[in-house]
Each structure stands twice: as C-alpha cells, then as structure tokens.
Amino acid sequence: MALSHTWQQFLDETGDISRFTRRFFLQGFKPRYEIAELLRQCYIIGYKSLPLVGLTGFIMGLVLTMQLRPSLISYGAESELPAMVGIAIVREIGPVITALIFAGKIGSSIGAELGSMKVTEQIDAMEVSGTNPFKYLVVTRVLAATLMLPVLVILGDAISLYGSYLGVNIRGITSFSLFFQQVFDALSFSDFFPALIKSYFFGFAVGIIGCYKGFNSSKGTEGVGRSANSAVVVSSVLIFIIDLLAVQITDILGFN
Amino acid sequence: MTTAPIIEQRSIPVVSTDSVIEIEHLYKTFGDNTVLADFSLVLRKGENVAVLGKSGSGKSVLIKCIIGLMRADKGSIRLLGQDIDNLDHQELDEIRSRVGFLFQSNALYDSMTVRENLEFPLRRHWIKMTSAEQDAKVLEVLSNVGLAHAVDMMPAELSGGMRKRIALARTLILDPEIIFYDEPTTGLDPITGKGISKLIREMGEKYNTSALIISHDMNCIRMTADRIIMLIDGTCYAQGSYEELKLNNDPKVKQFFE
Ligand SMILES: Nc1ncnc2c1ncn2[C@@H]1O[C@H](COP(=O)(O)OP(=O)(O)OP(=O)(O)O)[C@@H](O)[C@H]1O
Ligand SMILES: [Mg+2]
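Engineer: Sorry if this is basic, but what is going on with the layout of surface pockets here?
Structural biologist: With a probe scaled to a water molecule rolled over the atoms, the places where space remains empty come into view. Space inside the largest pocket adds up to approximately 1100 Å³. What lines the largest pocket is a set of 45 residues, among which Lys118 and Asp124 of chain A together with Lys64, Leu69 and Met70 of chain B lie closest to the centre. Of all the elements in the fold, those that place two or more residues in the lining of the largest pocket are α1 (2–28), α3 (81–119), α4 (122–128) and α5 (133–170) of chain A together with β2 (33–44), α2 (59–66) and α3 (89–96) of chain B. Looking at the lining of the largest pocket element by element, the count peaks at five residues for α2 of chain B. Split into classes, the residues belonging to the lining of the largest pocket amount to 16 nonpolar, 16 polar and 13 charged.

Have a look at this one:
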C-alpha cells in the first residue's frame, strides 16, 4: 500500500515535470524574448559557479593523477599517465563532477529563489505587471543553465588538466608543453564531442528541475527549503541517468 | 463557461453603467473545499468597498479571480466592462495595466532595488516614457507615501511598514482606475496600520480611484470603506455601511463587531 502510494507520487511528479518541460518548448521560442534577463542570468549562473567548479576540478585532476601513478608504475606504463588522466577527465569526470557541483550550487539557488518568489506572491505580481513569469523567470534560467554548463565543463576540464600537470610534476619532471602534447595526442574528437553534448543535457536538467521545484513550491518557508533540497536531489539523480543514456547512445553511434 | 439560461438573466440585478466591477454568481472550489459559492458583487466608479471575512474564507481567492490570476469554476466577472474569461493574453495585460494590486505579502522583488521595483510595471507594460519621466514618476509616488529617501534601498533593508508603503507606491505608479488591497494592514502595529489606512483613503481621493479592500481589520475598514460586504460561507452574506452592519443582529455578522 505504502509502496504503491510512493510509486503513484513518483509517476505523478514525472508527468508534471514532462508537462513543465513541454511548456518550456511551447513558450520558450515564441516572442517576446527576454534577452536582457537571459544575459543577466547567464552571467550570474556562470560566474557564481566558476570558483567552485575551478577548485573542485583542480583537486580532482591532482588527486586522480597521484592515485593513478602507483598502478601505472606497477604496469610499467608511467609515461601513459597524462593520456589516461586526460581521457578520464574529458570523457567522464569533468562533465559529471562539474554538473553535480552545478546542481548543488545553481539547482538549489534557482529552486529557493523561485520558491520564495512564489510564496511571497512575487510571481503573481509579475503576471499583473504585464510580464509572463514563465518566460521571464523559467525560460531565461533554463536556457542560461543549458548554455553555461558546457562552458563551465570546458573551463573545469582545463583547470583539472592543469592540476594533473602539477600532480605529474610532484614525483617527476614533465614540461608543460610535453604534458599537454601527450594529453591531446591521446584525445580524439570522439572523446570530446559526446562529452560536450551531454553537458548541454545536464545543464538543461538542472535548470528545468530547479525551476519546476521552485515554481511549484508549497506555501510557507519550509516549502521553499524543500524545493531547494529536492531540486538538488532530483537533478543529481537525473545527471546520472542522462550519463547512462549518453554512454549507450554514443556506443550505438560508434563514437568509441 | 456555460451561458446562463434566459430565465435566469432576469434575476441579475440591473447595474448602473458606471460600475467598474460586476461579479455574478461566482463559484470556486479546491478539491472538496468550497471557497466561493454564489458570490456576487458590484463596485461602482469612485467607490471604496471592503470585503470582510474570516481568515481562510476566500478573500484572496476572490480578488485573484477578478484579476485573472485564478480561474473561477462558474459565474461571470466583468472588469472595467470586459468579461475577463474571454480575454486573450494581450487584452488581459492591457486591462491589468489599468488596475493596481497590493498583495498581502507585498510581493516586492527581492533582487531589485526600490527604484527598479517601481520601474518594473512601467517598463513591462510598454508605457511610453523617457527615463527622466520615469524618474520623476518614481519620485512622485514615493513622496506620496513619504519614502523618497528609500529609493536606492533593497527590500530586505526595509521594515515591514516601509515595505507595505513601497508596495503601495508600486501599486499607484500606473495611475490605476481600480486598486485591490489584499489585507493592507495585517501584520502591522496599530499605529502604522492606521497610517496605511489613511494613505489608502488619501490616494483614493487624490487620484479618484475605486478600491476593493480585503480585510478583517475593523479599524482599517472603518477608515477606508464606503460600503462593507461580509463574505461568509462563500457568499455575500450581508452588506451595508459600518453603522448599518453594526446594528445587525445576525450572530455571524455580530461576531466581527465584538
Ligand atoms: N492554490 C490553492 N490551492 C488549493 N487551495 C487553495 C489555494 N489557494 C487558496 N486555497 C484555499 O482557499 C481557501 C481560501 O484561501 P484565501 O487565501 O482566499 O483565504 P483568505 O480569506 O485570503 O485568508 P487570509 O485572511 O488568511 O488571507 C483556503 O481554505 C485555502 O486553503
Ligand atoms: Mg488572504
């Protein structure tokens, strides 16, 4: 009984999110376009998460390098270290870690911001001020999240590789140019391209879930907290699901 | 919306042409919670009407239906001569630019300064104004509520009473013909509340607006309203001036005056 109730809730919510997404596509590309607000959101969303993405990326690259070295030494393949780390970061760790950080930082802030706007009637006030709140608030944030996450992933990858370069140099000496030459020799278009495409989907998921949770926040301040919290949980899970689908699709398309 | 049978139309009160809001037989339910059941109301030009009702009686729902933020289940609403159920987005925006709405929770935009809050409706309704004219208008409404010095502050830096007055200024900025006040004095101390009531009265006289005031604060209602409508059990239970209702012996009416 309890289980079926949970299932029903899950299915209800999935349906609601799909409808919300449909509404995004129906309204998002019709005038009037909120260009100024979109640019403002791109700036806020990108700029706010950059320090965190940079820091985690740097540590990730450094730690990964130091962890991989002993195993590679035991195989006698220490010289493959830059190539291994490069592939791991660009294909999987960069996009997923960045997206998870993004979900924690941006998903929650969108959920909380729209949630508190909802409960304090700011969304209603917008509507009576001749503004479509769905376009002004939701469409701009979802687009900004979709456009900015890939940029953050690229920057995060770069910082991560720099961390890895430092990691290599803790126990050995490799020049900057040699390190990056080894990394880029190992990488091909088929490593880079699918990772970039899935970043767009990660960004879209974080944006749409954050907005959905905020826009449908229940009354009261605890409703706002709940929106922010479940925005992070749901979008994080969704990132892994998209990752799983992405690897299947790239496999089928032969990008391997 | 089902069209009323011809027989019923005769029972609709004949309304004078100068009415700005006409609500007839309005119904609204949420699940099995019936909030409005056969509610009717007429607001004439220049008149201040208060709707009095207990917490949760559906006062906020009523004005959200009038302004088109919620859809009623049944009944008709005419706002400034137009049936709001039949309006498309553009027409609805056009009519909303002629009314003001003071929200129960003020609804000031947290991320904007006071100035940006006030400019928002001006810019969004495509009101043609140079930025100098906008500035002048912002300062005019702010000095009306006595807060010209707060123009560059953020809403979070204001006290509750100041926020209410800024929200009132934002409501006035489009020179509305009708203003909806959703509990303008709730949550304020009696003195500040009295100040707000006085402002509502003054602004109504200065700009010759009609107002629909939602409240359960007797002092506010007595100061601002020409006529009181009691919203009890989802319907217009009784109406009249303050003095008339005070003499009413019905226990449901009497409890508001104790
Ligand atoms: N969006 C909604 N969904 C479901 N029920 C709602 C919704 N909005 C209002 N209600 C219900 O409608 C009823 C009336 O609510 P409303 O906000 O109009 O009360 P009110 O008269 O304004 O009270 P208060 O004086 O406390 O503001 C309440 O029982 C409330 O639970
Ligand atoms: Mg209310």
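Engineer: Looking at this structure, I do not really get the coordination of the magnesium ion (ligand 2). What am I missing?
Structural biologist: Coordination angles at a metal have ideal targets, namely 109.5 degrees for four tetrahedral donors and 90 or 180 degrees for six octahedral donors. Residues and elements named next belong to chain B. Distances from the magnesium ion (ligand 2) to its protein donors, Ser60 (OG) and Gln104 (OE1), fall at 1.9 to 2.3 Å. Note that Ser60 is positioned in helix α2 and Gln104 in the loop between β6 (99–102) and α4 (114–124), a separation of 44 residues in sequence. Its relative accessible area of 33% is what places Gln104 among the partly exposed residues.

Engineer: What exactly am I supposed to notice about empty space enclosed by the protein here?
Structural biologist: With the rule as written, the count across this model stands at four cavities of 30 Å³ or more. Its boundaries defined by the atoms lining it, the largest cavity holds a volume of some 150 Å³. Every residue lining the largest cavity is counted, 14 residues in all, and those nearest its centre are Val128 and Ser129 of chain A together with Phe101, Arg170 and Thr171 of chain B. Only α4 of chain A together with β6 and α6 (160–172) of chain B provide two or more residues apiece to the lining of the largest cavity. Within the lining of the largest cavity, the residues separate by chemical class into nine nonpolar, three polar and two charged. As a volume, the second largest cavity reaches approximately 80 Å³.

Engineer: In this structure, what is going on with unusual backbone geometry? I would like to understand it.
Structural biologist: If a residue is not glycine, its phi is most likely negative; likewise, a peptide bond is most likely trans. Note the cis peptide between Pro31 of chain A and Arg32 of chain A, where omega equals 10°. Locating Arg32 of chain A in the fold gives a position in the loop between α1 and α2 (35–74). Non-glycine residue Glu121 of chain A carries a positive phi angle of around 65°. Locating Glu121 of chain A in the fold gives a position in the loop between α3 and α4. Positive phi values are uncommon outside glycine, yet Ala107 of chain B reaches one of about 60°. With respect to the element layout, Ala107 of chain B can be found in the loop between β6 and α4.

Engineer: Would you explain the nonpolar core in this entry?
Structural biologist: Across soluble globular proteins, nonpolar side chains show a tendency to be buried alongside one another. In this structure, Ile21, Ile66 and Phe180 of chain B are the most contacted members of the largest nonpolar core, which totals 80 residues. With twelve residues, α5 of chain A is the single largest residue contributor to this core. Once you skip the residues sitting within four places of it in the chain, Phe180 of chain B turns out to touch Ile21, Ile63, Ile66, Ile67, Leu79, Val99, Gly100, Phe101, Leu102 and Leu212 of chain B. Grouped together as the second largest cluster of nonpolar side chains are 45 residues, Val114, Val138, Leu199 and Tyr242 of chain B included.

Engineer: I tried to follow the interface of chain B and chain A on my own but got confused; where do I start?
Structural biologist: In many reports, interface size means the accessible area that the parts give up when they come together. With 21 residues of chain B at the contact, the number on the chain A side is 17 residues. When residues of chain B are sorted by the area they lose upon contact with chain A, Leu69, Tyr109 and Arg124 of chain B head the list and together hold 32% of the total. Put simply, chain B and chain A have four salt bridges between them. Of the charged contacts in the structure, one is a salt bridge between Arg124 of chain B and Glu34 of chain A, with a shortest N-O distance of 2.6 Å. Applying the counting criterion to the chain B and chain A interface returns 14 residue pairs in polar contact (both at pLDDT 80 or more). Among the secondary structure elements, those contributing two or more residues to the side of chain B that touches chain A are α3 and α4 of chain B. By residue number, the principal contributor to the side of chain B that touches chain A is α4 of chain B, which donates four residues. A per-class count over the side of chain B that touches chain A returns eleven nonpolar, three polar and seven charged.

Engineer: How do you make sense of the site of ligand 1 when you look at a structure like this?
Structural biologist: Residue and element names in this part refer to chain B. Close contacts around ligand 1 come from 15 residues, with Ser55, Gly56, Lys59, Ser60 and Glu183 the closest. At 2.5 Å, a side-chain N or O of Ser55 approaches an oxygen atom of ligand 1. The separation between an oxygen atom of ligand 1 and a polar side-chain atom of Ser60 is 2.7 Å. When the free accessible area of ligand 1 is taken as 640 Å², the share hidden by the protein chains comes to 62%. One can see that ligand 1 is located within the largest pocket. Looking at the shell around ligand 1, the elements that each hand over two or more residues are β2 and α2. Considering each element in turn, the shell around ligand 1 owes the most residues, three residues, to α2.

Rules of the game
Residues numbered from 1 in each chain as written. Chains lettered and ligands numbered in written order. Predicted model: local features only at pLDDT ≥ 70, side-chain atom pairs only at ≥ 80, totals over all residues. Heavy atoms only, no water. 1 Å grid on protein atoms, 1.4 Å probe; cavity = no way out; pocket = protein on both sides within 12 Å on 5 of 7 lines; lining within 4 Å. Points joined across faces, edges and corners; volume = space filled by probe spheres on them. Helix = DSSP H or I, 4+ residues; strand = E, 2+ residues; numbered from the N terminus. Nonpolar A, V, L, I, M, F, W, Y, C, P; charged D, E, K, R; others polar. Donors = N, O, S within 2.8 Å, 3.2 Å for Na, K, Ca; no water. Buried < 20%, exposed > 50% of the residue type's maximum accessible area, 1.4 Å probe, protein only. Core = buried A, V, L, I, M, F, W, Y, C linked by side-chain atoms within 4.5 Å. Contact = heavy atoms within 4.5 Å. Buried area = accessible area lost by both parts, 1.4 Å probe. Salt bridge = Lys/Arg side-chain N within 4 Å of Asp/Glu carboxyl O. Polar contact = N/O pair within 3.5 Å; in protein donor to acceptor, adjacent residues only side chain to side chain. Near = heavy atom within 4 Å. Areas by Shrake-Rupley, 256 points an atom, 1.4 Å probe, with all protein chains shown as cover. Sits in = over half its atoms within 2 Å of the grid points.

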